[in-house]
Amino acid sequence: MTTLVAISGSLRKGSFNTALLRAALAMAPEGVTIEEGSIRGIPLYDADVEAADGIPEAVARLKEQVAGADGVILFTPEYNNGIPGVFKNAIDWMSRPSNDIPRVFGGKPFAITGASPGNFGTLLSQEAWLPTMRTLGTVPWFGAKLMVSRAGTVIQDGRIADEAIEKRLRDFVAGFAAFVTEYRR
């Protein structure tokens, strides 16, 4: 059994990325489980807090979920042509202490997708994640790109309302799952 963790980089209740993630949960191919991870409750990174109190519970929970997974899918919004601060902050916390990076991230397949109300999807945000993924020692999957643009028209009431996007998401999930399964062999 292959286990993937899917993480949305948005905290918004009506998040297009969380809706995309939840649709993906139902698209897991046979032999694959997709679990939802959450960045909710992760405080702003502060080295003084880390030194005094250690890793916050919300961070520890997500770290262990990622460490135990065979692969991870990031569902990233795009804010001001880049990575959302809350999402990057969560990954930064998960990289602490730094000697834990190989256990949590090292050699782990990662896929990046996302939805945006704009015309270009999340192209710039997805590209902006690559230096971080490289630094953490992940294995980025480049088998397919999925950038959902005009998300307000294709995701309605928390569901994908566009058959073409639904098919592309299904193909994306299946492609990444196959990559992870083969990578684990």
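Throughout what follows, the structure given in this document is the object of discussion. (Residues numbered from 1 in each chain as written. Predicted model: local features only at pLDDT ≥ 70, side-chain atom pairs only at ≥ 80, totals over all residues. Heavy atoms only, no water.)

### Focus on the packing of aromatic side chains
Stated formally: The pairing test for Phe, Tyr and Trp rings, Trp by its six-membered ring, is centres within 6.5 Å, and the orientation test on the planes gives stacked under 30 degrees, edge-to-face over 60, and tilted for anything in between. Under the scheme used here, helices are H or I runs from DSSP no shorter than 4 residues and strands are E runs no shorter than 2 residues, and both carry numbers assigned from the N terminus. Burial classes follow relative accessibility: with a 1.4 Å probe on protein chains only, a residue under 20% of its type's maximum area counts as buried, one over 50% as exposed, and anything between as partly exposed. The rule is short: NZ of Lys or CZ of Arg within 6 Å of the ring centre and within 35 degrees of the ring normal puts a charge over the ring.
Counted according to the given criterion, the structure contains seven aromatic pairs. Relative to Trp93, the ring of Tyr45 lies with its centre 4.8 Å away and its plane at 75°, an arrangement referred to as edge-to-face. One end of the pair, Tyr45, is in the loop between strand S2 (32–37) and helix H2 (47–53); the other, Trp93, is in helix H4 (residues 85–94), with 48 residues separating them in the sequence. Taking the relative accessible area as the measure of exposure, Trp93 reaches 0% and is therefore buried. Ring pairs connect the aromatic residues Trp141, Phe172, Phe176, Phe179 and Tyr183, which therefore count as one cluster. Geometry around Phe16 places Arg12 over its ring, the cationic atom sitting 5.1 Å from the centre.

### Some thoughts on the layout of surface pockets
As a reminder of what qualifies: Cavities and pockets were defined on a 1 Å grid built from protein atoms only: a cavity is a group of points that admits a 1.4 Å probe but offers it no way out, a pocket is an open group of points flanked by protein on both sides within 12 Å along at least five of seven lines, and a lining residue is one with an atom within 4 Å of any such point. Grid points are joined across faces, edges and corners, and a volume is the space filled by probe spheres set on the points. Gly is placed with the polar residues, together with every amino acid not listed as nonpolar (Ala, Val, Leu, Ile, Met, Phe, Trp, Tyr, Cys and Pro) or charged (Asp, Glu, Lys and Arg).
Of the pockets and cavities examined, the largest pocket occupies roughly 170 Å³. Lining the largest pocket are 13 residues, with Ser10, Thr18, Glu36, Ser38 and Arg40 positioned closest to its centre. Counting only elements with at least two residues in the lining of the largest pocket, the list comes to helix H1 (16–25) and S2. The element best represented in the lining of the largest pocket is H1, accounting for three residues. Partitioned by chemical class, the residues of the lining of the largest pocket number three nonpolar, five polar and five charged.

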